[in-house]
Amino acid sequence: MLYQSSKCRYYSIFLAVLFTTSCTKQLEVPPPKTGISGENVFTSDETAAATLTGIYGKMSANYFPDGGITSVPLLTGLSSDEFGLFTGTSNTTYIQYYKNSLSSNTIPYTADFWSSFYPYIYFANSAIERLNKSTYLTPAVKAQLLGEAKFFRAFCYFYLLNLYGDVPLVTITDYKQTSVIGRTSVADVYKFMISELKDAQSLLSEDYVDASATNLTNERTRPNKWSATALLARMYLFTGKWNEAISECNSIIDNKRLFELLSDVNSVFHANSREAIWQLQPVLAGYNTQEARIYIIPPTGPSDLNPIVISRSLLKSFESGDLRRINWIDSIKINSTTYHYLYKYKVNTPGSPVSEYSTILRLSEVYLIRAEAKAQIGDLTGSSVDLNTIRNRSGLQNTTITTKSGLLTAIFNERRVELFGEWGHRWFDLKRSGEIDQAMDFAAEEKGSKWVSTQQLYPITSKELLNNSKLVQNPGY
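Residues numbered from 1 in each chain as written. Predicted model: local features only at pLDDT ≥ 70, side-chain atom pairs only at ≥ 80, totals over all residues. Heavy atoms only, no water.

(A) A look at the overall build of the chain. Along the backbone of the chain there are 19 helices and six strands. Computed over the C-alpha atoms, the radius of gyration of the chain is 22 Å, within 12% of the 23 Å expected from 2.2 N^0.38 for a compact globule of 477 residues. Here the C-alpha coordinates of the chain stretch approximately 60 × 50 × 45 Å along the principal axes. Evaluated residue by residue, the chain yields a buried proportion of 61% over its 477 residues. (Helix = DSSP H or I, 4+ residues; strand = E, 2+ residues; numbered from the N terminus. Rg over C-alpha atoms; globule rule 2.2 N^0.38 Å. Buried < 20%, exposed > 50% of the residue type's maximum accessible area, 1.4 Å probe, protein only.)

Structure, rendered in structure tokens:
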């Protein structure tokens, strides 16, 4: 069942968590003195804005092993051929994702993306319902918050689709109806998401706004029009709408006022980087990002707390002299064994000043989306220019490839070495390119496991299947 209890229980619990988050920098507005409920949070600009702000704080606060949707990069990286796993770990969840041995009965609730994403979708649905009914908000705030909720709902569905395939498309909050909704086709959900993001584009501010949802800010932690545009470009790419993808990418790349590809790869993941399109602000006291806390292996070596290493196949995919290999991967040698680890986020000392933000959408992906779409329509020169823009920033020479098939292969490899460890890109690229069986057969040898093609979709837990008779399990489970 998508929602196991009444909408009142979900709404009050979810908002209570949001309002009590430690996201003090973003969430400057205190909760309503009369309490938090669906009836009163949308009666003023301040409380309505704070409600949406809280969802980003909730995302940032929850990361594996605590669970949450921000564990997508880590767990899909283990499932794919990006990450290796320290052999001494006893973390069964890591092992299951790494060996692709998930089952409907063994996924911990904190590591189940189905159970992570749908409460956020419920929140977005509830916010949209109440925003549309509210007569108390100023037009600018109402538009911005509606745009954010629509953007976020599309964001959640994108990940559900690419993790599970067909999923229930839920846009209402009546639990009596949502508890018996069957799975909707991938094509129909994509149509819905594209429509949502077009709406979001028209509603969201072109600039970045703060906790008030109106005042301009340098913080890039609240989605704006360009966040929706970047996600829409990705949707068009995944659905083969090449010209539409190019158009959306053009509008972002041409916006030199807000965005630029940084020459220094070490600055990409800094707070409010001009390459960032959407980031999450740190909310856990004493830490910059969860990525640095989890991925950086300490001088004592890997352990259950820090068992994630870079796979051998990913290491081999970098060309000689690639600045990303030099700066985004570090290593530590323990006895005679060298462990390589993700080092895009570098600040993991507790109490350090905040200088890095977790980045969800960034400009380099937009360049690579446009490069791929241009190759697909036969604009090989334009495709090469975009590909070379990313390569040159990384200290590499221009590509010498001149064929469409060769360029597409090069672009997919460029995505691999540019976007590794970021939001499931490799896992999804392997599936949409049709290369997943070949790549994962090879990766399974390193993992000491056996790859089965049906493992490219995660299983729905037995609990969800029992609670909703309309749900059908993915093949192979």
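(B) Expanded view of the environment of Ile296. With respect to the element layout, Ile296 can be found in the loop between helix 11 (290-295) and strand 3 (308-310). Along the primary structure Ile296 and Ser331 are separated by 35 residues, whereas in three dimensions their C-alpha atoms are 8.9 Å apart. What Ile296 contacts, discounting residues up to four positions off in sequence, is Glu291, Asn306, Tyr341, Leu342, Tyr343, Tyr345, Lys346 and Asn348. (Contact = heavy atoms within 4.5 Å.)

(C) Expanded view of the side chain of Asp112. Residue position: Asp112 is located in the loop between helix 4 (92-98) and helix 5 (113-133). With no salt bridge to any partner, buried Asp112 finds its closest opposite charge in Lys463, at an N-O distance of 8.8 Å. In this structure the side chain of Asp112 is engaged in a polar contact, spanning 3.3 Å, whose partner is the backbone nitrogen of Trp114. A distance of 2.5 Å separates the side chain of Asp112 from the side chain of Ser115, its partner in a polar contact. Those residues in contact with Asp112, other than ones at most four positions away along the chain, are Ile107, Tyr164 and Thr461. (Lys, Arg positive; Asp, Glu negative; His and termini not counted. Salt bridge = Lys/Arg side-chain N within 4 Å of Asp/Glu carboxyl O. Polar contact = N/O pair within 3.5 Å; in protein donor to acceptor, adjacent residues only side chain to side chain.)

(D) Main features of the packing of aromatic side chains. For the structure shown, the criterion picks out 33 aromatic pairs. Taken together, a centroid distance of 6.1 Å and an interplanar angle of 85° make the contact between Phe86 and Tyr339 edge-to-face. With Phe86 in the loop between strand 1 (83-85) and helix 4 and Tyr339 in strand 5 (residues 337-342), this residue pair connects regions lying 253 residues apart in the sequence. Between Tyr159 and Phe428, the aromatic rings sit 5.7 Å apart at their centres with planes inclined by 50°, giving tilted as the arrangement. (Phe/Tyr/Trp six-rings, centres within 6.5 Å; stacked < 30°, edge-to-face > 60°.)

(E) Representation of helix 2 (residues 45-61) within the structure. Helix length check: helix 2 (17 residues) gives 24 Å between terminal C-alpha atoms against 24 Å at 1.5 Å per residue, within 8%. Burial runs high along helix 2: 16 of the 17 residues are buried. (Expected span 1.5 Å × (residues − 1).)

(F) Expanded view of the side chain of Thr178. Considering the arrangement of structural elements, one finds Thr178 in helix 7 (residues 175-178). A polar contact of 3.4 Å, which involves the side chain of Thr178, links it to the backbone oxygen of Tyr175.

(G) Spotlight on the pairing of strand 4 (residues 329-334). Both strand 4 and strand 5 contribute to a ladder of six bridges, which runs antiparallel. Its bridge partner being in strand 5, Lys333 is matched across the sheet by Thr338. Hairpin connection, strand 4 to strand 5: the antiparallel pair is bridged by two residues, and Asn335 has positive phi, about 60°. (Pairing = 2+ DSSP bridges.)

(H) Main features of unusual backbone geometry. With a phi close to 70°, Ala213 is a non-glycine residue in the positive phi region. Mapped onto the elements of the fold, Ala213 is located in the loop between helix 8 (186-203) and helix 9 (225-238). In this structure Ala213 comes out as buried when scored by relative accessible area, which is 4%. For Trp423, which is not glycine, the phi torsion reads 55° and is therefore positive. Inspection of the secondary structure assignment puts Trp423 in the loop between helix 16 (404-419) and helix 17 (425-433).

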